[in-house]
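Descriptive analysis of the structure
For reference, the chains in residue letters:
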Amino acid sequence: MSEAIKNRYDFVILFDVENGNPNGDPDAGNMPRIDPETGYGLVTDVCLKRKIRNYVATVKEGTPEADNYRIYIQEKVPLNRSDAEAISACGISEDLKKAKKSDPKIDVRLRDYMCQHFFDIRTFGAVMTTFVKGALNCGQVRGPVQLTFARSVDPIVPQEVTITRVAITTEADAENKGTEMGRKHIVPYALYRAEGYVSANLARKTTGFSEEDLQLLWEAILNMFENDHSAARGKMAVRELIVFRHDSELGNAPSYKLFDAVDVQRKDGVVTPRSYRDYSVTVSDALPEGVHCQRMQ
């Protein structure tokens, strides 16, 4: 694998939704997530990471380097299956507690194997239950890339839209009616903002997250909704990715100062935003010394 990154990064993601449900809440009838005190919309970090994982899995499928860009947390694949693969590949006994007594370095060997072969562990880290139960220190890997919940720039007004369908569920119902009623939850329009961090220190010490991984991460963020369209998310798009690169491993300025430099405001005269064009996005030119900004679209 390539050498780990040497610079810290902070970044801001701006994405929007039109007449869709960006992240339904199963505890609220799948309504769009919302902060009940302020009315601002929310999208979880887990939701965004899922889109990134899906993009990487899609774009790397069938490529020569696919084995090093597999996804650990994916649908219908038990985690212990991948854990068992690592144990076998490293030639370690399945009795991990016993194996560790004879080889104190199995923690590092297993961690390095998992980080090398699974992009999402190398990036976000993971909790590997098999190793945790085996009393190994490598069971919990802290990844260098972390994301916050996304929050809408303005309060949202979720709507419940009633729909009709001609497909009847049962034979008995078909004898009495020709249509059935249903509901969809939508946000007419909202611009969301998420923030993230990339630690070069953790990349060097733990997972080996490389420059190639970093460029793939930026690509995945910019395109994470392009292969994820559905009836609920028909018009979602990442509008801009704003990246702050530090000249050092530990950083040249606090993250909050860089995030405060990104200002998103409604344009004059816009009362009810209905498109990205209704907003103005600016980044302050007065950045701290040793920090450089790149805006990607």
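What comes next concerns the included structure. These figures come from a predicted structure and were not determined experimentally.

Taken N-terminus to C-terminus, the directions of helix α1 (residues 45-60) and helix α9 (residues 211-222) make an angle of 110°; their axes are 9 Å apart at the nearest point. Accordingly, the angle class assigned to the pair α1 and α9 is roughly perpendicular. Here α1 and α9 pass one another in a crossing that is right-handed. Counted together, I52, Y55, V56, V59 and K60 of α1 and L216, L217, E219, A220 and I221 of α9 form the full contact between these two elements. Classifying every residue of the contact of α1 with α9 gives eight nonpolar, no polar and two charged.

As a further point, take unusual backbone geometry. You will see that N19, though not glycine, has its phi angle at about 50°, which is positive. Residue position: N19 is located in strand β1 (residues 9-20). Of note in the backbone geometry, N30 takes a positive phi value of approximately 70° without being a glycine. Within the secondary structure, N30 is located in the loop between β2 (24-25) and β3 (31-32). On the basis of relative accessible area, N30 is assigned to the partly exposed category, the value being 43%.

As a further point, take the side chain of D120. Among the secondary structure elements, D120 is positioned in helix α5 (residues 119-124). A polar contact is formed between the side chain of D120 and the side chain of R53, at a distance of 2.9 Å. Apart from the residues within four sequence positions on either side, D120 is in contact with R53, R70, I71, Y72, I73 and G125.

Turning next to the pattern of salt bridges. Taken as a whole, this structure holds 18 salt bridges when the rule is applied. Note that R53 and D120 form a salt bridge whose closest N and O atoms lie 2.9 Å from each other. In this pair, R53 sits in helix α1 while D120 sits in helix α5, placing the two residues 67 residues apart along the sequence. Given the relative accessible area of 8%, R53 is considered buried. Note on D120: relative accessible area 1%, which makes it buried. Among the salt bridges present, the one from D247 reaches R245, with a minimum N-O distance of 3.7 Å. The class for D247 is partly exposed, based on a relative accessible area of 42%. Judged by its relative accessible area of 34%, R245 is partly exposed. Three or more residues joined by partner-sharing salt bridges are found here, namely D67, R70 and E85.

Of all hydrophobic cores here, the largest spans 43 residues; its most connected members are F11, I13, F15 and W218. Going through the elements one at a time, β1, α1, α5, β7 (145-147), β10 (180-198), α8 (200-207), α9 and β11 (236-246) are the ones with two or more residues in this core. For this core, the leading source of residues is α9, giving seven residues.

Conventions we followed
Residues numbered from 1 in each chain as written. Predicted model: local features only at pLDDT ≥ 70, side-chain atom pairs only at ≥ 80, totals over all residues. Heavy atoms only, no water. Axes fitted to C-alpha atoms, helices over the stretch in contact; angles between N-to-C directions. Helix = DSSP H or I, 4+ residues; strand = E, 2+ residues; numbered from the N terminus. Parallel < 35°, antiparallel > 145°, perpendicular 65-115°, else oblique. Left-handed = near helix turned anticlockwise from the far one by under 90°. Contact = heavy atoms within 4.5 Å. Nonpolar A, V, L, I, M, F, W, Y, C, P; charged D, E, K, R; others polar. Buried < 20%, exposed > 50% of the residue type's maximum accessible area, 1.4 Å probe, protein only. Polar contact = N/O pair within 3.5 Å; in protein donor to acceptor, adjacent residues only side chain to side chain. Salt bridge = Lys/Arg side-chain N within 4 Å of Asp/Glu carboxyl O. Core = buried A, V, L, I, M, F, W, Y, C linked by side-chain atoms within 4.5 Å.

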